[in-house]
Amino acid sequence: SNATVGASGGWCQGLDIPNELFLALGLVSLVENLLVVAAILKNRNLHSPTYYFICCLAVSDMLVSISNLAEMLFMLLLEHGVLVMRPSLVRHMDSVIDTLICSSVVSSLSFLGVIAVDRYITIFYALRYHSIMTLQRAVVTMASVWLASTVSSTVLITYYRSNTVLLCLIGFFLFMLVLMLVLYIHMFALARHHLHSISSQQKPPTAHRGGILKGAVTLTILLGVFFICWGPFFFHLILIVTCPTNPFCTCFFSYFNLFLI
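Just so it is clear, the model here is predicted, and its values are computed rather than measured. (Residues numbered from 1 in each chain as written. Predicted model: local features only at pLDDT ≥ 70, side-chain atom pairs only at ≥ 80, totals over all residues. Heavy atoms only, no water.)

Caption draft 1: The packing of aromatic side chains, seen in detail. Here the structure, examined in full by the defined rule, presents nine aromatic pairs. Between phenylalanine 173 and phenylalanine 226 the ring centres are 5.8 Å apart and the planes differ by 20°, which places this aromatic pair in the stacked class. Placement of phenylalanine 173 in helix α7 (residues 163-201) and of phenylalanine 226 in helix α8 (residues 209-242) is noted, with a sequence separation of 53 residues between them. For the pair phenylalanine 173 and phenylalanine 226, one class covers both residues: buried. (Phe/Tyr/Trp six-rings, centres within 6.5 Å; stacked < 30°, edge-to-face > 60°. Helix = DSSP H or I, 4+ residues; strand = E, 2+ residues; numbered from the N terminus. Buried < 20%, exposed > 50% of the residue type's maximum accessible area, 1.4 Å probe, protein only.)

Here's what the structure looks like:
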């Protein structure tokens with residue numbers, strides 16, 4: 001009804017987020033990920049496939065920060081007349097930056113999945129880990145992720161108006177979410193079983209509830225942060241595909257900057 005639309009109109013104005021906040025968050029994220037990369041490269045004890053994957057994840061997140069910073073600075077320079085460019089060149093630059101952002105996002109999600117698989121192999125195939133996850137296979141995995149991310153992001157930005165492309169990106173996110181859920185829950189179940197076995201063998205039996213609770217909290221934080229950070233963005237994509245003109249979906253779209261942060 002008109003009354004409902006009028007009442008909700010105040011909520012659908014979006015959120016005006018200062019450009020300075022975007023710049024500050026981008027710089028903080030950039031520095032944090034640079035520290036991770038520097039720590040792994042400098043410490044020889046961290047030169048292993050597991051930490052190389054973490055390093056690649058940090059590089060992916062660092063590229064997200066750099067891309068967002070570059071886009072924000074580019075927009076500010078254009079708005080204030082410091083930079084003057086032809087509209088066609090502006091669109092081309094925008095496409096390049098969007099491709100870099102998309103590639104960084106896809107590679108970041110991919111390396112989160114790769115790290116989950118690596119941890120799974122570490123726990124369930126501990127004795128065979130070094131023969132399964134050799135340095136050569138790790139390098140091939142990293143190169144494959146970067147190549148696939150670059151190609152897929154180029155296709156996505158080129159055909160961004162296609163619902164099929166958006167559905168592929170949504171499906172990729174859901175696949176990564178399910179993969180991490182299955183692997184980490186399985187690892188948690190194994191840890192819980194080991195704690196129970198150790199407790200039952202000791203005389204008198206010791207309580208293992210604290211260890212299980214700690215594992216459950218860690219698992220909840222890991223998957224919860226992943227879902228909270230990425231969920232709204234991909235829910236935004238789902239609404240673009242399913243209800244692009246619905247008033248409630250349009251209201252949700254107005255908060256895109258909040259999801260981006």
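On we go.
Caption draft 2: Region of the structure containing the UniProt feature "transmembrane region" (unreviewed entry) in the chain. In this structure's numbering, the residues bearing the UniProt feature "transmembrane region" (unreviewed entry) are residues 21-41, 53-76, 96-117, 138-158, 164-190, 211-228 and 234-260. Here residues 96-117 runs as 100% helix and 0% strand, with 31 Å between its end C-alpha atoms. Regarding residues 164-190, the helix share stands at 100% and the strand share at 0%, and the terminal C-alpha atoms are separated by 39 Å. (UniProt positions renumbered as here; feature names shortened; annotations may be inferred.)

Caption draft 3: Summary view of a nonpolar patch on the surface. On the surface, a cluster of nonpolar side chains totalling about 400 Å² of accessible area is made up of Leu147, Val151, Val155 and Tyr159. Relative to the helices and strands, valine 151 is located in helix α6 (residues 135-158). Under the relative-accessibility criterion, valine 151 is labelled partly exposed at 47%. (Patch = residues over 30% accessible without salt bridge, like charges linked within 9 Å, V, L, I, M, F, W, Y side chains within 5 Å. Areas by Shrake-Rupley, 256 points an atom, 1.4 Å probe, with all protein chains shown as cover. Salt bridge = Lys/Arg side-chain N within 4 Å of Asp/Glu carboxyl O.)

Caption draft 4: Expanded view of the packing of helix α3 (residues 49-79) against helix α4 (residues 87-124). Remark: α3 packs on α4, axes separated minimally by 8 Å, with the N-to-C direction vectors making an angle of 160°. With respect to α4, the axis of α3 lies roughly antiparallel. In this structure, α3 meets α4 at a crossing whose hand is left-handed. (Axes fitted to C-alpha atoms, helices over the stretch in contact; angles between N-to-C directions. Parallel < 35°, antiparallel > 145°, perpendicular 65-115°, else oblique. Left-handed = near helix turned anticlockwise from the far one by under 90°.)

Caption draft 5: Here's a closer look at the state of the cysteines. Scanning the model with the defined rule gives one disulfide in all. The disulfide partner of cysteine 243 is cysteine 249, and the gap between their sulfur atoms is 1.8 Å. On the S-S bond that ties cysteine 243 to cysteine 249, the torsion sits near -85°, and the link is left-handed. Judged by its relative accessible area of 16%, cysteine 243 falls in the buried class. For cysteine 249, a relative accessible area of 7% corresponds to the buried category. (Disulfide = S-S within 2.5 Å.)

Caption draft 6: Here's a closer look at the nonpolar core. Counting 39 residues, the largest nonpolar core has Phe53, Leu109, Phe111, Tyr184, Phe226, Trp230 and Phe234 as its most contacted members. Of all the secondary structure elements, the ones that give two or more residues to this core are α3, α4, α6, α7 and α8. At 12 residues, α4 tops the list of elements feeding residues into this core. When residues of this core are assigned to domains, at least three fall in each of domain 1 (17-160) and domain 2 (177-248). (Core = buried A, V, L, I, M, F, W, Y, C linked by side-chain atoms within 4.5 Å. Domains from an automatic or database assignment.)

Caption draft 7: Here's a closer look at the packing of α4 against α6. The geometry of α4 relative to α6 is characterised by a closest axis approach of 8 Å and an angle of 140° between their N-to-C directions. Taken together, the axis directions place α4 and α6 in an arrangement best described as oblique. The chirality of how α4 crosses α6 is right-handed. Facing Ser95, Asp98, Thr99, Cys102, Ser103, Val106, Ser107, Ser110, Phe111 and Val114 of α4, the residues of α6 in contact are Thr141, Met142, Val145, Trp146, Ser149, Thr150, Ser152, Ser153, Thr154, Leu156 and Ile157. Here the residues of the contact of α4 with α6 sort into nine nonpolar, 11 polar and one charged. (Contact = heavy atoms within 4.5 Å. Nonpolar A, V, L, I, M, F, W, Y, C, P; charged D, E, K, R; others polar.)

Caption draft 8: A look at the side chain of serine 110. One can find serine 110 in helix α4. On the accessibility criterion, serine 110 (11% relative accessible area) is buried. Reaching out from serine 110, the side chain makes a polar contact with the backbone oxygen of valine 106 at a distance of 2.7 Å. (Polar contact = N/O pair within 3.5 Å; in protein donor to acceptor, adjacent residues only side chain to side chain.)

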